[in-house]
Amino acid sequence: MSSQKEDELLDIQLERAADDWVKAMDDCIFFIENYCMLKDQKAGRPIPFKLWPAQKDQISIWMGNQLNETLKSRQIGITWLALAFALWHMLKQKYFEGLVVSRKEEAAISALAKLKFMYDHLPSIIRDNLYPVETSNRLLLKLKGVESQMKAESANPEAGRSDTLNMLIMDEAAFMVDAPTIWTAAEPTLEKTGGPAIIISTANGYDKFFQATWAAGKDGQNGFKCNFISWNGDPSRDQSWYDMRYRRAEAQGTEALLKFKQEYPRNDVEAFIVTGHTVFNQEMIADYLNKPEYRFQLGDLTGKGVFYPNDRGMLKIFQKPKAGGQYVIGADIAEGLEKHDWSVAAVYERSTKVQVAEFRAHIDTDLFSNILNSLGRWYNTALLIPEINNMGDSVLNRLQKHLHYPNIYRQVRYDQANNQRIKKLGWKTTVSTKPVMIDALNSLMREREIEPRSKKLFEEMKTFVRLDAGMSSRMGATGKNHDDCVIAHSLAAVVLLEKPLMGTVSKNRAAVYKRTGKYSHKKRGGLDRNKVFKTR
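All values derive from a computational prediction rather than experimental measurement.

Reading the values: rules and limits
- Residues numbered from 1 in each chain as written.
- Predicted model: local features only at pLDDT ≥ 70, side-chain atom pairs only at ≥ 80, totals over all residues.
- Heavy atoms only, no water.
- Salt bridge = Lys/Arg side-chain N within 4 Å of Asp/Glu carboxyl O.
- Buried < 20%, exposed > 50% of the residue type's maximum accessible area, 1.4 Å probe, protein only.
- Core = buried A, V, L, I, M, F, W, Y, C linked by side-chain atoms within 4.5 Å.
- Helix = DSSP H or I, 4+ residues; strand = E, 2+ residues; numbered from the N terminus.
- Pairing = 2+ DSSP bridges.
- Right-handed = clockwise from strand over helix to strand, strands pointing away.
- pLDDT = per-residue confidence, 0-100.
- Contact = heavy atoms within 4.5 Å.
- Axes fitted to C-alpha atoms, helices over the stretch in contact; angles between N-to-C directions.
- Parallel < 35°, antiparallel > 145°, perpendicular 65-115°, else oblique.
- Left-handed = near helix turned anticlockwise from the far one by under 90°.
- Nonpolar A, V, L, I, M, F, W, Y, C, P; charged D, E, K, R; others polar.
- Lys, Arg positive; Asp, Glu negative; His and termini not counted.
- Expected span 1.5 Å × (residues − 1).
- Bend = angle between axes of the 7 residues up to and from the residue.
- Polar contact = N/O pair within 3.5 Å; in protein donor to acceptor, adjacent residues only side chain to side chain.

Peer 1: Can you tell me about the pattern of salt bridges, naming the residues and giving the values?
Peer 2: As enumerated under the stated definition, the model contains 14 salt bridges in all. Across the salt bridge formed by Arg161 and Glu158, the nearest N and O atoms sit 3.4 Å from each other. As far as burial versus exposure is concerned, Arg161 and Glu158 are alike and both exposed. Between Arg446 and Glu447 there is a salt bridge, and its shortest N-O distance comes to 3.7 Å. Look at the salt bridges and you will find they share partners, linking Arg74, Lys259 and Glu263 into a network.

Take a look at the structure:
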């Protein structure tokens, strides 16, 4: 056949392929299902990449969000999916530069091999004429025409440092020691280019990066879109498949069962279950989290004790004050807004030990004092137990001397100078008193004698650990996680466990405000919500 006729035939073939290819470049799911091939794990032959529902959902999430984190069960095909997504970008975006980071070099080579496999099995008439290879080795694929490329690297402190990064894939990020450094290096470039970050992993307990990023993303603090894919993300796995493997793991003992739940989780709570130095029983927390969330009402409370419903309010009400009811409020005061800590107030009814309200916000200490004053008076002059470490002293001072709050907890302390026991307002947390407050909450929950209703509390309990196995008093949140709710609820638990109910209280909440004299809506409690809250 003459060269001219060969060119004419090629033009005809390209024209026929063009319409579908244009659609593929506009629709990632269409591209993957019609142009990508997987390698069959058993036979090694190419098979069509037909997406499962969970995979289609994941593609839609990646398409709609720049920062993405996927917590997955094992063997759900998400690495293949992410590399198909990267190949699509390579073919449609001129000068595209992508990077996949894996735990070790062998894994990085294997990851890029998956992308090359899909590239090699594109229709030759499109691949060879529109996207010929310029450079190909174990850690790089670079294409002519579009001048795009995909690199692979093992996890190391220098990975992710690039001026022109258009996509970052971190595969099994929970197992990367250098994951925080890699992300810190790559984030500014991705912010500049607008390229997506795709962080993928099965769980590895409470690591310093993946789980911390997940927790902050679920809390709406870091901009990450979190997506969980459970064991049945593979449609071939049914309940009988799960039950059989569950029984096998159960027969091998507790450690094997926890490992199974971590690798084939039903929800993200199970995925992050760990053994070791966690303070609260993880299965107990999972039981609490798996319960339907209690109904609540969000709103704001004025200085005169009037509750206004507000969907953006920081006060969560499970139950309004009862006439004659007695309440306790545990209060954890944030060390400072710059540390991104939360100020939390947990309110319980003392007779039933049921949580009735919770306030949680980034807020200045003087304004938090006003909130505690208003909240305490609304709940029939509740017994208020604020932690007075760090910024807590200023809150206590304002409550006592400026707002004249009449019902503040007195902690028994030892006065070494005078060799006697004394009572002082507020709760001072020390190496000896911290275990007391934590054990109060732990024992009440273990015996099901308390009814906390805060999902945020349970989330924090998952990451509240003994920071030093040899010192039981050194407890706190792992990594970038928070423990503000744990502290506030533990303070309330101290009173619920130790203090009997007091005498009868006024059934008229308005009378509480009248008795204080100096307290008024105008001077003390008239809070402009826009001035109070720094962030939601």
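Peer 1: Explain the nonpolar core residue by residue, including any values.
Peer 2: Counting 51 residues, the largest nonpolar core has Phe31, Ile32, Phe49 and Ile169 as its most contacted members. In terms of residues, this core owes the most to one element, helix H4 (residues 78–92), which gives 12 residues.

Peer 1: For the pairing of strand E8 (residues 167–171), give the residues involved together with the corresponding values.
Peer 2: Across the five residues that make up E8, a large majority, five, are buried. The two faces of E8 match: Met167, Ile169 and Asp171 on one face and Leu168 and Met170 on the other face are all buried. Examined bridge by bridge, E8 and strand E9 (residues 197–201) share four bridges and lie parallel to one another. Among the inter-strand pairings, Ile169 is bridged to a residue of E9, identified as Ile198. Since E8 and E9 lie parallel, the crossover through helix H7 (residues 179–193) that links them has a hand, and here it is right-handed.

Peer 1: With reference to specific residues and values, describe the confidence of the model for the chain.
Peer 2: Confidence in the prediction for the chain averages 85 pLDDT; 85% of positions are at 70 or higher. Every residue in residues 504–536 is under pLDDT 50, and counting partners more than four places away or in other chains gives 71 contacts.

Peer 1: An account of the sheet that holds strand E7 (residues 149–154) is requested, with residue identities and associated values reported.
Peer 2: What holds strands together in a sheet is hydrogen bonding between their backbones, with the strands either parallel or antiparallel. Strands sit in the order E5-E6-E7-E4-E8-E9-E3-E10 across an open sheet of eight strands; the sheet is mixed. Each edge of the sheet is formed by a strand with only one pairing partner; in this case those strands are strand E5 (133–137) and strand E10 (225–229). Across the sheet, the mean angle separating the axes of adjacent strands is 10° when strand polarity is ignored. As paired strands, strand E3 (residues 67–72) and E10 are joined by five bridges and run parallel to one another. For Thr70, the partnering residue across the bridge sits in E10 and is Asn227. Sheet strands touched by H4: E3, strand E4 (97–102), strand E6 (140–143), E7, E8, E9 and E10. Its angle to E8, the strand with the most contacts, is close to 165°.

Peer 1: Got a sec to walk through the packing of helix H12 (residues 282–290) against helix H16 (residues 455–462)? Specific residues and values, please.
Peer 2: Across the interface, H12 lies against H16 with an axial gap of 10 Å and an inter-helix angle of 155°. When the interaxial angle is binned, H12 and H16 end up roughly antiparallel. H12 and H16 meet at a crossing whose hand is left-handed. Counting all contacts with H12, which are made through Gln282, Ile285, Tyr288, Leu289 and Asn290, the residues of H16 involved are Lys455, Phe458, Glu459, Met461 and Lys462. Looking at the contact of H12 with H16 residue by residue, the class counts come to five nonpolar, two polar and three charged.

Peer 1: Quick rundown of the side chain of Glu460? Include the residues and the values.
Peer 2: Mapped onto the secondary structure, Glu460 falls in helix H16. Put simply, Glu460 is tucked away with no salt bridge, and the nearest opposite charge, on Arg360, sits 4.4 Å away. The residues touching Glu460, leaving out its near neighbours within four places in the chain, are Arg360, His482, Asp483, Asp484, Cys485 and Val486.

Peer 1: I'd love a proper account of unusual backbone geometry, names of residues and values included.
Peer 2: Even without being a glycine, Gln75 presents a positive backbone phi close to 60°. Take Gln75: it is sitting in the loop between E3 and H4. Phi is positive for Arg448, close to 55°, though the residue is something other than glycine. Its location among the elements puts Arg448 in the loop between helix H15 (434–446) and H16. Look at Arg448 and you get partly exposed, because its relative accessible area is 46%.

Peer 1: Residues and numbers for H7, please.
Peer 2: Helix length check: H7, at 15 residues, gives a terminal C-alpha distance of 21 Å against a target of 21 Å (1.5 Å per residue), a fit within 8%. At Ala186, H7 shows its largest kink, close to 35°, and the proline Pro188 lies no more than four residues downstream. Inspection of H7 places Ala179, Ile182, Trp183, Ala185, Ala186, Thr189 and Leu190 among the buried residues, and these make up the whole buried set. Contacts from the buried residues of H7 go to E3, E4, E8 and E9.

Peer 1: Residues and numbers for helix H8 (residues 210–218), please.
Peer 2: Each full turn of the α-helix corresponds to 3.6 residues, which orients residues three or four apart in the same direction. Within H8, seven of the nine residues are buried, leaving the element largely enclosed by the surrounding structure. Residues Phe210, Gln211, Ala212, Thr213, Trp214, Ala216 and Gly217 constitute the buried set of H8. Of the surrounding elements, those touching the buried residues of H8 are E3, E9, E10 and helix H11 (268–271). Positive phi appears at Gly220, one or two residues downstream of H8, with a value of about 75°.

Peer 1: If you had to explain the side chain of Gln411 to someone new, which residues and values would you point to?
Peer 2: Along the chain, Gln411 falls in strand E18 (residues 410–415). For Gln411, a relative accessible area of 3% puts it in the buried group. Only 2.7 Å separates the side chain of Gln411 from the backbone nitrogen of Lys428, close enough to count as a polar contact. In contact with Gln411, other than residues within four places in its own chain, are Ile422, Lys423, Lys424, Gly426, Trp427, Lys428 and Thr433.

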